[in-house]
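Survey of secondary and tertiary structure
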Amino acid sequence: MTNWTRRGMLGTGTALAAAAIIPARHAAAQDMPAHERELYAAAQREGELTWYTGQLQAEPSEAVGRAFTQRYPGVRCNVVRTTSQVAFQRLSQDARARVAQCDVFSSTDYSHFTFLKGEGRLMAYKPQNAAGVVKAAQDSADPDGHFQVTYLALYMLARRADRLSEAEAPKSWRELTDPKWRDKLAVGHPGFSGAIGSWAIMMKAAYGERYFRELERNKPQIGRSAGDPVTTLNAGERLVGVGIPSAATLFSISRGNPLALIYPTDGTLLVPAPSAAIANAPKPNAARLFMEFATGPAYSRTVREFAAESLRPEVPPPEGSRPLDEIRTITPTPRQVETEMTAVKELWRDIFGV
């Protein structure tokens, strides 16, 4: 009879575990184009990356992190999900403290990226997979390759379908200032959400500062992220969500909540939301690999499960959404976001007091 020692058993177990991991990594690598395989090999030596993101809600963000690690075994994605403004503040605090923690940064506020690029804090890396994304994403990417659009977000209105009929519901952003919507609205905050900041820029351009003063008289419930009104509607606290992401709403509907989308007649907000590898990323190869992943088909398939718009033509749009070419959309220019975002946040705080 063979005499097994504890040390020998542990050593054998470790060897077997390692043997199981190596074929899994080999199989994963076989499914990748050559440029990904090369990055994957380098990223495995780093073992992980940290992703600061404000683009998706918590659940889909974690799903993206898991999908990345499943595609690239041995490279863990540490997801740090907050609102876009908080993610940017965290990144700024890291810079002031001369600490490098973030590898990839994602936000719904385009001005974050033009600012960071100007400061020399973004890595110049254009993912090869970005050549296959839809035109709307390609057109909004940085021409110098410092950031890529990884999320095409639609922001609109939504209603409690069991308490407010389609005929009774508001049809436009402008209608929200009607006194009949007093105490019935929920909205995010431009000081926390880049998407709500972009929406506020467009409302100011279309209707002037008066729009916000009239909206304030209706006493909307103000959260932080653009997704907060979905929770408020689900709780039955308000009837109409303002500037809410279609993805979070459709995902909530798929779970049985009585919500319905409203595409505003004066334009659904389309926000091209970028991601970028950070110049002083502690795991630079893993950061580049994540950028390839975020512009590749696997990412679009993952976020589609949470009703996010697809970046890839080979991945269909989420069930329940209208094709982009059938929607009237409004989008602030990068220049508008860069020059007007700070002012519109201050205007909001002055008028709403929060």
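All values derive from a computational prediction rather than experimental measurement.

**Brief notes about the overall build of the chain**
Secondary structure summary: the chain contains 13 helices and 10 strands in total. Taken over C-alpha atoms, the radius of gyration comes to 22 Å for the chain, in line with the 20 Å a tight globule of 354 residues would show. Projecting the C-alpha coordinates of the chain onto the three principal axes gives extents of approximately 85 × 45 × 35 Å. Looking at the chain as a whole, 54% of its 354 residues are labelled buried.

**A look at helix H4 (residues 84–96)**
For H4, with 13 residues, the first-to-last C-alpha span of 18 Å sits near the 18 Å given by 1.5 Å per residue. Buried within H4 we find Ser84, Gln85, Ala87, Phe88, Leu91, Ser92 and Asp94. Where H4 is buried, its residues contact strand E1 (48–53), strand E3 (104–106), helix H5 (110–118), helix H7 (194–207) and helix H13 (334–352). Looking one or two residues past H4, Arg98 carries a phi angle of roughly 55°, positive in sign.

**A closer look at the pairing of strand E2 (residues 76–81)**
In this structure, E1 lies alongside E2, joined through 6 bridges in parallel fashion. Note that in E2 the partner of Leu49 across the bridge is Cys77. This β-α-β element, E1 to helix H3 (residues 58–71) to E2, shows right-handed connectivity.

**Quick look at unusual backbone geometry**
Positive phi is not limited to glycine here, since Lys219 has a value of about 50°. Its place among the elements puts Lys219 in the loop between helix H8 (210–217) and strand E6 (221–222). Judged by its relative accessible area of 36%, Lys219 falls in the partly exposed class. With phi around 70°, Ala307 is a residue other than glycine that occupies positive phi space.

**Here we look at the packing of aromatic side chains**
Throughout the structure, instances matching the rule amount to 21 aromatic pairs. Plain terms: the ring middles of Tyr72 and Phe293 are 6.2 Å apart, the flat faces sit at 80° to each other, and that makes the pair edge-to-face. One end of the pair, Tyr72, is in the loop between H3 and E2; the other, Phe293, is in helix H11 (residues 284–294), with 221 residues separating them in the sequence. This pair shows no difference in class: Tyr72 is buried, exactly as Phe293 is. Relative to Tyr299, the ring of Phe293 has its centre 6.0 Å away and its plane inclined at 90°; by these criteria the two rings are edge-to-face.

**Brief notes about the nonpolar core**
As a rule of thumb, soluble globular proteins bury nonpolar side chains together. Membership of the largest hydrophobic core comes to 94 residues, with the highest contact counts inside it found for Phe105, Trp199 and Phe290. Top contributing element to this core by residue count: strand E4 (residues 148–160), with 8 residues. Among all residues touching Trp199, those that are not within four sequence positions of it are Trp173, Val187, Tyr211, Leu215, Val242, Leu269 and Trp348. Core analysis: the second largest hydrophobic core is formed by 7 residues, Leu233, Ile244, Ala248 and Leu259 among them.

**Here we look at the side chain of Glu214**
You can see Glu214 is positioned in helix H8. The class for Glu214 is buried, based on a relative accessible area of 12%. Side-chain polar atoms of Glu214 contact the side chain of Arg210, separated by 2.6 Å.

**Notes on the packing of H4 against H5**
Closest axis-to-axis distance for the H4/H5 pair is 10 Å, and the angle between their directions is 15°. By the angle class used here, H4 and H5 are roughly parallel. As H4 packs across H5, the resulting crossing turns out to be left-handed. The segment H4 lies against H5, with Ser84, Gln85, Phe88 and Leu91 engaging His112, Phe115 and Leu116. Looking at the contact of H4 with H5 residue by residue, the class counts come to 4 nonpolar, 3 polar and no charged.

**So, the pattern of salt bridges**
When their charged atoms lie close together, side chains carrying opposite charge are able to pair. Applying the stated criterion across every chain yields a total of 13 salt bridges. Between Asp142 and Lys117 there is a salt bridge, and its shortest N-O distance comes to 2.8 Å. Of this pair, Asp142 sits in the loop between helix H6 (135–139) and E4 while Lys117 sits in helix H5, placing them 25 residues apart in sequence. As a salt-bridge pair, Asp162 and Arg160 come within 2.7 Å of each other at their nearest N and O atoms. Through salt bridges with shared partners, one network takes in Lys117, Asp142 and Asp144.

The rules behind the values
Residues numbered from 1 in each chain as written. Predicted model: local features only at pLDDT ≥ 70, side-chain atom pairs only at ≥ 80, totals over all residues. Heavy atoms only, no water. Helix = DSSP H or I, 4+ residues; strand = E, 2+ residues; numbered from the N terminus. Rg over C-alpha atoms; globule rule 2.2 N^0.38 Å. Buried < 20%, exposed > 50% of the residue type's maximum accessible area, 1.4 Å probe, protein only. Expected span 1.5 Å × (residues − 1). Contact = heavy atoms within 4.5 Å. Pairing = 2+ DSSP bridges. Right-handed = clockwise from strand over helix to strand, strands pointing away. Phe/Tyr/Trp six-rings, centres within 6.5 Å; stacked < 30°, edge-to-face > 60°. Core = buried A, V, L, I, M, F, W, Y, C linked by side-chain atoms within 4.5 Å. Polar contact = N/O pair within 3.5 Å; in protein donor to acceptor, adjacent residues only side chain to side chain. Axes fitted to C-alpha atoms, helices over the stretch in contact; angles between N-to-C directions. Parallel < 35°, antiparallel > 145°, perpendicular 65-115°, else oblique. Left-handed = near helix turned anticlockwise from the far one by under 90°. Nonpolar A, V, L, I, M, F, W, Y, C, P; charged D, E, K, R; others polar. Salt bridge = Lys/Arg side-chain N within 4 Å of Asp/Glu carboxyl O.

Keep in mind these numbers describe shape, not what the thing actually does.
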